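Spelled out, the chains give:
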Amino acid sequence: MIIMFDPDTPLESVEAVEALARRFDDVTPRRYEYQGTAHAITEVHLLGSTQKVPAEPFRTFPGVRQVVRVSSRYRLVGRHDAPGMPTGFSYNGVRFDSQAVRVFAGLCAVDTPEHVDQTFAALASHGLETARMGAYKPRTSPYDFQGLGAACLPWVFELAGKHGIRVIAMEVTDARHIEEIDRALEATGRPTGVMIQIGTRNAQNFELLKRAGRQKTYPVLYKRGMGITLEESLNACEYIASEGNPNIVFCLRGVKTHLGDPHRNLVDFAHVPVVRRQTRMPVCIDPSHSVGSTRRAPDGLTDIFHVTGQGVIAGASMVLIDFHPAPATALCDGPQALTPDELPRLMAYVQRVRAAYDEVSTLAAEAETAK
Ligand code: PEP
Ligand code: MN
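If you're wondering where the values come from, they're calculated on a predicted model, not measured in any experiment.

(A) Inspection of the environment of Lys-223 at higher detail. Among the structural elements, Lys-223 can be located in strand β11 (residues 220-223). Sequence-wise, Lys-223 and Cys-284 are 61 residues apart; in three dimensions their C-alpha atoms are separated by 8.8 Å. Sequence-distant contacts of Lys-223, that is, excluding residues within four places in its chain, are made with Gln-197, Ile-198, Gly-199, Thr-200, Ala-203, Cys-251, Arg-253, Asp-286, His-289 and Leu-320.

Here it is in structure tokens:
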């Protein structure tokens, strides 16, 4: 059971709800704070045997907005068919929810300070404050470039600050990497922020998931497992949230099967509305790792553009995309990287598709309320 409070409810009311919850056998209350645009929203979750706990007494406390019986297994990340559930979060001045699309473009793998500088400059010149940068690379072969690791973090963060980049999605493959990122940000005076990325290869690395969930400084970008069910990936997010960090973005990046050939993975963006229906997590799409090449259709658009459009028209609110100022020199995934002249075209394309989505979703919502 979840007891949701109005914004800025006095603490005494929250504590009184918790005290009442403790009077039921085998029930433990746990408090969660969700940071909205203007307000923090508090929820008290009742853990344990809540089937026989009546909802009515909880509704009478001042500030209680609603009491929701948890119907699905995704206790924390689930939407529970409750209207008015807070969704999304703010981090380092950037809002992540369903209201707008955030484009995170950048290097699959950090290589040189020049390329990082050029990348951030290109993003900033198109008004972007969000980027991707891979420092720790999980590679198929041990002989492939493994990423520059902690050594590159100080200059990556300083260059981000120089260009006004506020959030960098950065994959970690070990709990130690979260500490390295935190230390490097602290040492450089926190010129930017980091969204901790859990890659598809670690989709069920429960110890790493729990570690990402135990800290609340950084939000988490979770990439669905390439060879597990959607339900298993959503449960993995529940691991993160159950450790205390509800600020999670769920990223679709394709699933591994030869049925997706010639794309690198079978594009799974039809799952955008499914994830949005079942959970409160903002949904990201990664067209680069889904498609894996910059081949073009006869209409002149690359397959990467096409699938980006498919994800955005389905309601995705974040796009994680590989970009490189000189893809031929990239040390990882150059063949799928967007070039500097394609970036403004992608931005314009995303904006148009999003406008179409806003129009059709508004019409659909109006039709629902008219029923
Ligand atoms: C990446 O985004 O750099 C990456 C390795 O993606 P994935 O984990 O989806 O393969
Ligand atoms: Mn890659």
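(B) Representation of the coordination of the manganese ion (ligand 2). Distances from the manganese ion (ligand 2) to its protein donors, Cys-108 (SG), His-289 (NE2) and Asp-333 (OD), fall within 1.9 to 2.3 Å. In primary-sequence terms, the residues that donate to the manganese ion (ligand 2) follow C-x180-H-x43-D. With His-289 in helix α9 (residues 287-291) and Asp-333 in the loop between β14 (318-322) and α11 (342-370), this residue pair connects regions lying 44 residues apart in the sequence. His-289 sits in the buried class, given a relative accessible area of 9%.

(C) Representation of the pairing of strand β7 (residues 102-107) within the structure. Within β7, 5 of the 6 residues are buried, which leaves it mostly tucked inside the rest of the structure. Looking at chain direction, β7 and β14 are connected through 5 bridges and run parallel. Its bridge partner being in β14, Val-103 is matched across the sheet by Val-319. Pairing analysis gives 3 bridges linking β7 to strand β8 (residues 130-133), with the strands arranged parallel. Pairing of Leu-107 across the sheet is with Met-133, part of β8.

(D) How the structure looks around the pattern of salt bridges. Tallied over the full model, the rule gives 23 salt bridges. Here Arg-176 and Glu-180 are joined by a salt bridge, their closest N and O atoms 3.6 Å apart. Residue Arg-176 and its partner Glu-180 are located together in helix α5 (residues 175-187), separated by 4 residues, close to a single helical turn. By relative accessible area, which is 47% here, Arg-176 ends up partly exposed. Relative accessible area serves as the criterion here: at 16%, Glu-180 is assigned to the buried category.

(E) Broad picture of the site of ligand 1. Around ligand 1 sit Cys-108, Arg-132, Lys-137, Glu-171, Gln-197, Gly-199, Thr-200, Arg-201, Lys-223, Arg-253 and His-289, and that is every residue in its neighbourhood. Contact distances for ligand 1 include 2.8 Å between an oxygen atom and a backbone N or O atom of Thr-200. For ligand 1, the accessible surface in isolation is 290 Å², of which the surrounding protein chains cover 97%. The class makeup of the residues in the shell around ligand 1 is 1 nonpolar, 4 polar and 6 charged.

(F) Structural detail: the packing of helix α6 (residues 206-214) against helix α7 (residues 230-242). At a closest axis distance of 6 Å, the pairing of α6 and α7 adopts a crossing angle of 45°. As judged from the angle between their axes, α6 and α7 are oblique. The element α6 and its partner α7 pack so that their crossing is right-handed. For the pair α6 and α7, the contacting residues are Phe-206, Leu-209, Lys-210, Ala-212 and Gly-213 in the first and Ala-236, Tyr-239 and Ile-240 in the second. Each residue belonging to the contact of α6 with α7 can be placed in one class, and the counts come to 6 nonpolar, 1 polar and 1 charged.

How each quantity is defined
Every chain begins its residue count from 1, and numbering advances along the sequence as written. By the order in which they are written, chains take letters starting at A while ligands take numbers starting at 1. Selection of residues for local features in this predicted model requires a pLDDT of at least 70, selection of side-chain atom pairs for listing and counting requires 80 or more, and totals for whole chains, interfaces and linings are taken over all residues. Computation of side-chain values covers all heavy atoms of the structure but excludes hydrogens and water. Strands here mean DSSP runs of E at least two residues long; helices mean DSSP runs of H or I at least four residues long; both are numbered from the N terminus. Working rule for contacts: check all heavy atoms of both residues, and any pair within 4.5 Å makes them a contact. For Na, K and Ca the donor cut-off is 3.2 Å, and for all other metals it is 2.8 Å, counting N, O and S atoms only; because water is absent from this set, sites may look incomplete. Exposure categories follow from relative accessible area, calculated using a 1.4 Å probe and restricted to protein chains: below 20% of the type maximum is buried, above 50% is exposed, and the middle band is partly exposed. When DSSP finds two or more bridges between a pair of strands, those strands are recorded as paired. Whenever a carboxyl oxygen of Asp or Glu lies within 4 Å of a side-chain nitrogen of Lys or Arg, that contact is scored as a salt bridge. Throughout, the term near means that a residue has one or more heavy atoms lying within 4 Å of the molecule or strand in question. Pairs of N or O atoms within 3.5 Å make up the polar contacts considered here, provided that, within protein, one atom can donate a hydrogen while the other can accept it, and that residues adjacent in sequence are counted only when both atoms are side-chain atoms. Throughout, the Shrake-Rupley method with a 1.4 Å probe supplies accessible areas, and for residues the shown protein chains are the sole cover considered. Put simply, Ala, Val, Leu, Ile, Met, Phe, Trp, Tyr, Cys and Pro go in the nonpolar bin, Asp, Glu, Lys and Arg in the charged bin, and everything else, Gly too, in the polar bin. Angles run from 0 to 180 degrees between N-to-C directions of axes, and those axes are lines fitted to C-alpha atoms, restricted for helices to the stretch in contact. When an angle is under 35 degrees it counts as roughly parallel; over 145 it counts as roughly antiparallel; between 65 and 115 it counts as roughly perpendicular; any other value is oblique. Each crossing gets its handedness from the near helix: less than a right angle anticlockwise from the far helix is left-handed, clockwise is right-handed.

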